[in-house]
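Residue-level listing of the chains:
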Amino acid sequence: MASSATRYRPRRRTGGINITPFVDVLLVVLVIFILTSNASIPGIKVDLPKASSAVPLEKPKTKAITVDNGGRLFLDAYPVTLPELEERLRTEKALTPDFPVIVRGESSVQYARVVEVLDLLRRIELNQVGLVTGKQP
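All residue numbers refer to positions counted from 1 along the written sequence of the respective chain. Two thresholds apply to this predicted model, a pLDDT of at least 70 for residue-level local features and 80 or more for giving and counting side-chain atom pairs, whereas whole-chain, interface and lining totals are computed over all residues. Excluding hydrogens and water, the side-chain values take into account all heavy atoms of the structure.

Peer 1: In this structure, what is going on with the overall build of the protein? I would like to understand it.
Peer 2: Summing up its helical and strand segments, the protein has four helices and seven strands in all. Secondary structure elements follow DSSP: runs of H or I of four or more residues count as helices, runs of E of two or more count as strands, with numbering from the N terminus. Seen in sequence order, the protein has helices and strands lined up from the N terminus as α-α-β-β-β-β-α-β-α-β-β. Think of it in three bands: residues with accessible area under 20% of the maximum for their type are buried, residues over 50% are exposed, and the middle band is partly exposed, with areas taken using a 1.4 Å probe on protein chains only. Taking all 137 residues of the protein together, the buried fraction comes to 26%. Per element, the accessible surface of the protein, about 10400 Å² overall, is 58% carbon and sulfur. Accessible surface area values rest on a Shrake-Rupley calculation with a 1.4 Å probe, where residue burial reflects the displayed protein chains alone.

Written out as structure tokens, the structure is:
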């Protein structure tokens, strides 16, 4: 029979690594990543016209062209002129032939400026073009 000293002695672990703290840290990092990731399209804030239904066109490679109240053009929040916009879109088309483009125009902007942008997109032969609107209250 074993002595009482050996019977009540704490057992030693037989190996392995305790991964519970590691899993806890990974879960915290995952929650932080989910909370901080933002799926919005880059651009500047404009007052969008309202529509009864809006279809989201958010994709990772979506390019946003914004026409502000003064008629200035922005490509992904960077100010550009019409020739610069054409050059940058042609460069992007050479890299990614069929990328989506959205056009965001201030509700009080001149319609002719938006038509110039749409004509440019047609000349470049970009087929995935969407117009962004806001939701009606």
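Now that the structure is up, let's keep going.
Peer 1: Can you walk me through unusual backbone geometry in this structure?
Peer 2: For residues that are not glycine, phi is negative in most cases, and the peptide bond is trans in most cases. Residue Ala-77 is not a glycine yet carries a positive backbone phi of 75°. As for its placement among the helices and strands, Ala-77 is situated in the loop between strand 3 (73–75) and strand 4 (78–80). Unlike most non-glycine residues, Glu-125 shows phi in positive territory, near 65°. Counting through the fold element by element, Glu-125 comes out in the loop between helix 4 (111–124) and strand 6 (129–131).

Peer 1: Would you mind going over the layout of surface pockets with me for this structure?
Peer 2: One way to see where empty space is left: roll a probe the size of a water molecule over the atoms. Lining residues are those with an atom within 4 Å of a point, where the points come from a 1 Å grid over the protein atoms alone and group into cavities, where a 1.4 Å probe fits but cannot get out, or pockets, open sets with protein on both sides within 12 Å along at least five of seven lines. Grid points are joined across faces, edges and corners, and a volume is the space filled by probe spheres set on the points. Approximately 210 Å³ is the volume found for the second largest pocket. Pro-49, Gly-105, Tyr-111, Val-114 and Leu-131 are, among the 14 residues lining the second largest pocket, the residues nearest its centre. Every element with two or more residues in the lining of the second largest pocket is listed here: strand 5 (101–105) and helix 4.

Peer 1: Sorry, what's going on with the sheet that holds strand 2 (residues 63–67) here?
Peer 2: Strand-to-strand pairing in sheets goes through backbone hydrogen bonds, with the strands running parallel or antiparallel. The strand order across the open sheet built from five strands is 4-3-2-5-6, with neighbouring strands paired in mixed fashion. Strand pairing shows two members of the sheet lacking a second neighbour, strand 4 and strand 6, which therefore form its edges. Looking at each pair of strands side by side, their axes are set apart by 30° on average, direction ignored. Strands in contact with helix 3 (residues 82–95) are strand 2, strand 3 and strand 4; relative to strand 4, the strand with the most contacts, it is inclined by about 115°. Pairing between strands is defined by DSSP: at least two bridges between the two strands are required. Note on method: axes are straight lines fitted to C-alpha atoms, helices fitted across the in-contact stretch only, with angles between N-to-C directions ranging 0 to 180 degrees. Any two residues having at least one pair of non-hydrogen atoms within 4.5 Å are treated as being in contact.

Peer 1: What exactly am I supposed to notice about the pairing of strand 2 here?
Peer 2: Taken residue by residue, a regular strand's side chains alternate between the two faces of the sheet. When you tally the buried positions in strand 2, you get four out of five residues, the bulk of the element. Strand direction decides the pairing type here: strand 2 and strand 5, joined by five bridges, are parallel. The residue of strand 5 that forms the bridge with Thr-66 is Arg-104. Here strand 2 pairs with strand 3 via three bridges, running antiparallel. Along strand 3, the bridge assignment pairs Thr-66 with Phe-74.

Peer 1: So what exactly am I meant to see when it comes to the environment of Gln-128 here?
Peer 2: Note on placement: Gln-128 falls in the loop between helix 4 and strand 6. Residues Gln-128 and Asp-98, 30 residues apart in the sequence, show an inter-C-alpha distance of 7.3 Å.

Peer 1: Is there a simple way to think about helix 3 in this case?
Peer 2: For an α-helix, 3.6 residues make a turn, and residues three or four places apart therefore share a direction. Expected span, for any helix, means 1.5 Å times one less than how many residues it has. With 14 residues, helix 3 extends 20 Å between its outermost C-alpha atoms, agreeing within 8% with the 20 Å of an ideal straight helix rising 1.5 Å per residue. Tucked into the core, helix 3 has its buried residues touching strand 2, strand 3, strand 4 and helix 4.

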